[in-house]
Amino acid sequence: MSTARSTRCTRYVAACFALAGWLAAASAWAWIFSEHSDITVAALAEVRDRNSLEVLNTVAEALGLCPVGVEPCGAKVRMADLAAIAGDHSCTPAELGGLLLAARSDGEHWLHDVLGVAAETRGTLAEVLHDATAREAIRRRMHVQLQGADDLYVARALLDYSHFQLARLSIARGDLAAYVAAAVRAGEQANATAAYLNYHVAAVRLAASSRSRPVKERTDWLIRAVLAEAFALHFLEDSFSAGHLVGHWGDDATRLGSHDHYSRTGVEVVSWRRPSDPFIAHGDAFLSDSEARAVAAAVAASLEQVLAAATRDDRAGALASDLFGALTEEQYNSCAREDVPGGLTALAGSSSVYAVLGEMPVPAARYPALTRVRAEKGLFFGASASLATAYSDSPSTDHKFSGEGRVAFRLGYGAAGIAVDPLNAQAFGEAGVLGQHVTGPVQSSNFTGFTFRLRAPGSVMLVDGLVAVALAEALKPDCIWCISWATHAAGGGFGKIWKSRPLFGEISWQFSALRDVTFNWFRGSGADGDRFEFLVPVLTCRGLFPIVGEKWSQSTDGYLDIGPSFYFGLEHDAHFGAFVQVAIASRIFP
C-alpha cells in the first residue's frame with residue numbers, strides 16, 4: 001500500500017467515527033449522492049439536440065469526465081455527478097472545477113472514494129427496497145463513510161441554509177412571483193431558491209457570452225457555465241426533498257427530527273404551477289421513481305436554458321432580455337454565506353424563472369407550521385407506569401402467580417446523533433415505588449417497596465454502553481475510539497445481536513438481554529423479611545411515536561417486556577420465574 005493510501009486509510013478510520021457524534025447537528029444533506037446523480041441522468045437523457053450535446057461533451061473532455069450518455073465509464077466522474085458534488089463536496093464553481101481536474105490527474109484522489117461510497121449506497125438501497133428503517137440506517141452509514149473520504153464533508157454542512165427552502169409568510173400557494181421576491185430579498189437568510197437563481201442566471205449569461213469569444217477561450221467560458229449550472233441544479237433538486245421544504249428552524253434536535261421524519265413519511269404538497277393538484281413528496285434516501293421524473297423535468301428545463309443560450313441566437317437574446325437587471329455572484333460560497341446574493345430582485349417576474357420553478361413544490365408555511373418533530377437527542381426526563389404479571393416455582397411456598405404495578409421517575413439521554421435505531425438510541429434510569437399482589441391456593445399477600453431500572457445500549461451489556469455514550473458525547477473528536485465504541489454499541493453491539501427490527505407500523509422489537517434490568521426491593525413486615533427481585537427482559541417491543549413540539553418536546557412510548565425473573569430474600573429461598581410487563585412512559589426533552 002502506498003504512503004498516500006495508508007495515510008488516507010488512517011484518516012478515514014478516524015474521520016468516519018468522528019462524524020457519528022456530529023450527525024445530529026448537521027442536517028444539510030438533501031437527496032443523497034446517488035439520488036442527485038440519478039435525477040440528473042434522467043434530465044440529461046432529454047438533451048437530444050446535437051449542438052447541445054456537443055457543448056456538454058466539449059466540457060466533459062476538458063474536465064476529464066465521461067461523455068454524456070456513456071455508461072458505464074469506469075472510474076471517471078460523470079457529467080451527472082456534478083450536481084451531487086456541488087454544494088456537498090465543494091462550495092463554489094471554481095472549487096468544483098479544481099476538484100475535477102485534480103481527480104483527473106490523481107487516481108487516488110479522495111473524490112474517487114466518494115464515488116465508491118455513492119455506488120455502494122445505491123446498491124444497498126436497492127436491496128432493502130421499502131424497509132424505511134434500513135434505508136435510514138444506510139443513509140446514516142453513508143454520511144459516516146463520506147466524511148471518511150472527504151475531510152470537509154461535515155464542515156461544509158454546518159452552515160446549511162442554502163440547501164433548504166424558505167418557509168412562506170403570508171404568501172398564497174399559487175403566487176410564485178411573491179415567493180421569489182421574498183426569497184431573494186436583500187439581507188434574507190440564504191435559501192435554496194435564491195441559491196438556484198443566482199447560479200443559474202450566472203450560468204445562462206456565461207453560456208451566452210461564450211458565443212462571442214474566440215475559439216480558444218470559448219471552452220473556458222462553457223466550463224464556467226456548466227460548473228455554475230451544476231451548483232444551480234444541486235439546490236433546485238434539494239428544493240424537491242420533503243425534509244427541505246417543511247421548514248428549517250429550531251434547535252439542532254428539532255431541525256434533524258423534522259427533516260428525517262418528513263423525508264421518511266412524506267408530506268402532501270402541491271407545485272407552484274398546479275396549486276390544486278396535491279402529491280406526496282419524500283426526502284433523502286426515499287426518492288421514488290415518480291418523484292425522480294418530476295424533479296428531472298425541472299432540471300431538464302433549467303439545463304435547456306443554459307444550453308440554448310450557448311447554441312441559439314434567438315433563445316440567447318430572449319433569455320438575456322428576460323433576466324435583465326439581475327446581478328449575480330458566480331463564485332457565491334454556499335458553505336459560508338448566511339445571506340442571499342445581492343441583486344436578484346429583478347427575477348421575481350421572470351417567465352424563464354417560472355418555467356423552471358413552477359414545477360417546484362410549494363414550501364410549507366411558517367404560520368401555521370407543520371408539526372415539528374424532534375430527534376431523540378439530548379437529556380430528557382419523565383415518568384413511567386407499568387403492570388407486570390409473573391410466575392415463580394418456589395419450592396417452599398404455594399404462591400405461584402403475582403401481579404405488580406410500578407410508578408417511577410425517569411431520567412435519560414437520547415443519542416440520535418449516534419444511532420437511528422429506535423431501541424438503541426436512548427439510555428435511561430428509573431426510580432420509583434411499586435406494589436405486588438401474590439396469589440396462592442390458601443391465601444394472598446400484598447407487598448410494597450421500591451423499584452429501580454436501568455436500560456442502555458452496549459457492545460456487550462448496558463454498562464459498557466453507558467460509559468461509551470457518556471464519553472463520546474463529552475469528548476467527541478478528542479476521543480475517536482470513544483465515538484467508535486458508542487457507535488458500535490448503539491448500532492446493535494457485538495454481531496448486531498441487539499439491533500432492533502420493525503414489527504409492524506411504528507412498533508419495533510429487540511433481543512434485549514443484558515441491556516435492561518429492573519431491581520425491586522419489597523419491604524418485609526412482621527416475621528417476613530425483605531424480599532428482592534430482578535427482572536431481566538429478553539425480548540422488548542416498543543411503540544415509537546414522533547416526539548412533537550419545539551424546545552420543550554413531549555412523547556409517549558409503549559413497551560412490552562418478556563423475560564426471566566429472579567427472587568431472593570433473608571427469610572425466603574432463592575428461585576427463578578418469568579414475567580410479562582407492559583409500560584407507558586412519557587418523556588419531556590427540555
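Before any of the text, the structure's been laid out above.
Residues numbered from 1 in each chain as written. Predicted model: local features only at pLDDT ≥ 70, side-chain atom pairs only at ≥ 80, totals over all residues. Heavy atoms only, no water.

A word on the overall build of the protein
The helix and strand tally for the protein stands at 17 helices and 15 strands. Along the three orthogonal principal directions, the C-alpha set of the protein runs to about 105 × 60 × 35 Å. A burial count over the protein gives 54% of its 590 residues as buried. A separation threshold of at least 6 residues defines the contact pool for the protein, and within that pool the share at least 24 residues apart is 71%. With an accessible surface of roughly 23700 Å², the protein has 62% of that area assigned to carbon and sulfur atoms. Averaging the locations of the 50 positively and 63 negatively charged side chains of the protein gives two centres separated by 2 Å. (Helix = DSSP H or I, 4+ residues; strand = E, 2+ residues; numbered from the N terminus. Buried < 20%, exposed > 50% of the residue type's maximum accessible area, 1.4 Å probe, protein only. Contact = heavy atoms within 4.5 Å. Areas by Shrake-Rupley, 256 points an atom, 1.4 Å probe, with all protein chains shown as cover. Lys, Arg positive; Asp, Glu negative; His and termini not counted. Charge placed at Lys NZ, Arg CZ, Asp CG, Glu CD.)

Quick word on the packing of helix 10 (residues 192-210) against helix 11 (residues 215-238)
Viewed as axis vectors pointing N to C, helix 10 and helix 11 meet at an angle of 160 degrees, and their least axial separation amounts to 8 Å. Here helix 10 lies roughly antiparallel to helix 11, going by the angle between them. Between helix 10 and helix 11 the crossing geometry is left-handed. Along its contact with helix 10, which presents Ala192, Ala195, Tyr196, Tyr199, His200, Ala203, Leu206, Ala207, Ser209 and Ser210, the element helix 11 presents Arg218, Trp221, Leu222, Arg224, Ala225, Ala228, Glu229, Phe231, Ala232, Phe235 and Leu236. (Axes fitted to C-alpha atoms, helices over the stretch in contact; angles between N-to-C directions. Parallel < 35°, antiparallel > 145°, perpendicular 65-115°, else oblique. Left-handed = near helix turned anticlockwise from the far one by under 90°.)

Some thoughts on the nonpolar core
If you look at the biggest cluster of nonpolar residues, it comprises 100 residues, and the most contacted ones within it are Met79, Leu100, Leu111, Leu236 and Leu357. A per-element tally of this core places helix 11 first, with 13 residues. Among all residues touching Leu100, those that are not within four sequence positions of it are Leu63, Leu65, Val77, Leu82, Ile85, Leu111 and Leu227. (Core = buried A, V, L, I, M, F, W, Y, C linked by side-chain atoms within 4.5 Å.)

Side note on the state of the cysteines
This model, assessed by the stated rule, comprises 1 disulfide. The disulfide partner of Cys91 is Cys335, and the gap between their sulfur atoms is 2.0 Å. Measuring handedness by torsion sign, the sulfur bridge of Cys91 and Cys335 sits at about -95 degrees and is left-handed. Highlighted residues: Cys91 in the loop between helix 4 (82-85) and helix 5 (93-105) and Cys335 in the loop between helix 14 (313-322) and helix 15 (351-357), separated in sequence by 244 residues. (Disulfide = S-S within 2.5 Å.)

Some words on unusual backbone geometry
Along the chain, Tyr367 connects to Pro368 via a cis peptide bond; the corresponding omega equals -10 degrees. Summarising the element assignment, Pro368 is placed in the loop between helix 15 and strand 3 (373-374). Backbone geometry at Leu129 places phi at a positive 50 degrees, although glycine is not the residue there. A relative accessible area of 54% means that Leu129 is categorised as exposed. For Ala285, which is not a glycine, the phi torsion comes out positive at approximately 75 degrees. In this fold, Ala285 is placed in the loop between strand 2 (279-281) and helix 13 (289-311). Taking relative accessible area as the criterion, Ala285 reaches 0% and is therefore assigned buried.

Points about the packing of helix 3 (residues 50-63) against helix 11
Contact geometry for helix 3 and helix 11: axes closest at 9 Å, N-to-C directions at 95 degrees. When the axes of helix 3 and helix 11 are compared, the pair comes out roughly perpendicular. Judged by residue contacts, Val55, Thr58, Val59, Ala62 and Leu63 of helix 3 engage Thr219, Leu222, Ile223, Val226 and Leu227 from helix 11. Looking at side-chain class alone, the contact of helix 3 with helix 11 contains 8 nonpolar, 2 polar and no charged residues. (Nonpolar A, V, L, I, M, F, W, Y, C, P; charged D, E, K, R; others polar.)

A closer look at the packing of aromatic side chains
Summed over all chains, the structure comprises 14 aromatic pairs. For the ring pair Phe566 and Phe576, a centre distance of 4.9 Å and an interplane angle of 45 degrees mean the geometry is tilted. In this pair, Phe566 is assigned in strand 14 (residues 553-569) and Phe576 in strand 15 (residues 572-589), connecting sequence segments 10 residues apart. By relative accessible area, Phe576 is classed as exposed at 58%. One aromatic cluster in this structure is built from Phe452, Phe519, Phe532, Phe534, Phe566, Phe568 and Phe576. Here the guanidinium or amino end of Arg135 rests over the ring plane of Phe286, the centre of that ring lying 5.9 Å away. Here the basic side chain of Arg366 rests over the ring of Trp249, its NZ or CZ set 3.9 Å away from the ring centre. (Phe/Tyr/Trp six-rings, centres within 6.5 Å; stacked < 30°, edge-to-face > 60°. Lys NZ or Arg CZ within 6 Å of the ring centre and 35° of its normal.)

The analysis is restricted to geometry; functional conclusions fall outside its scope.
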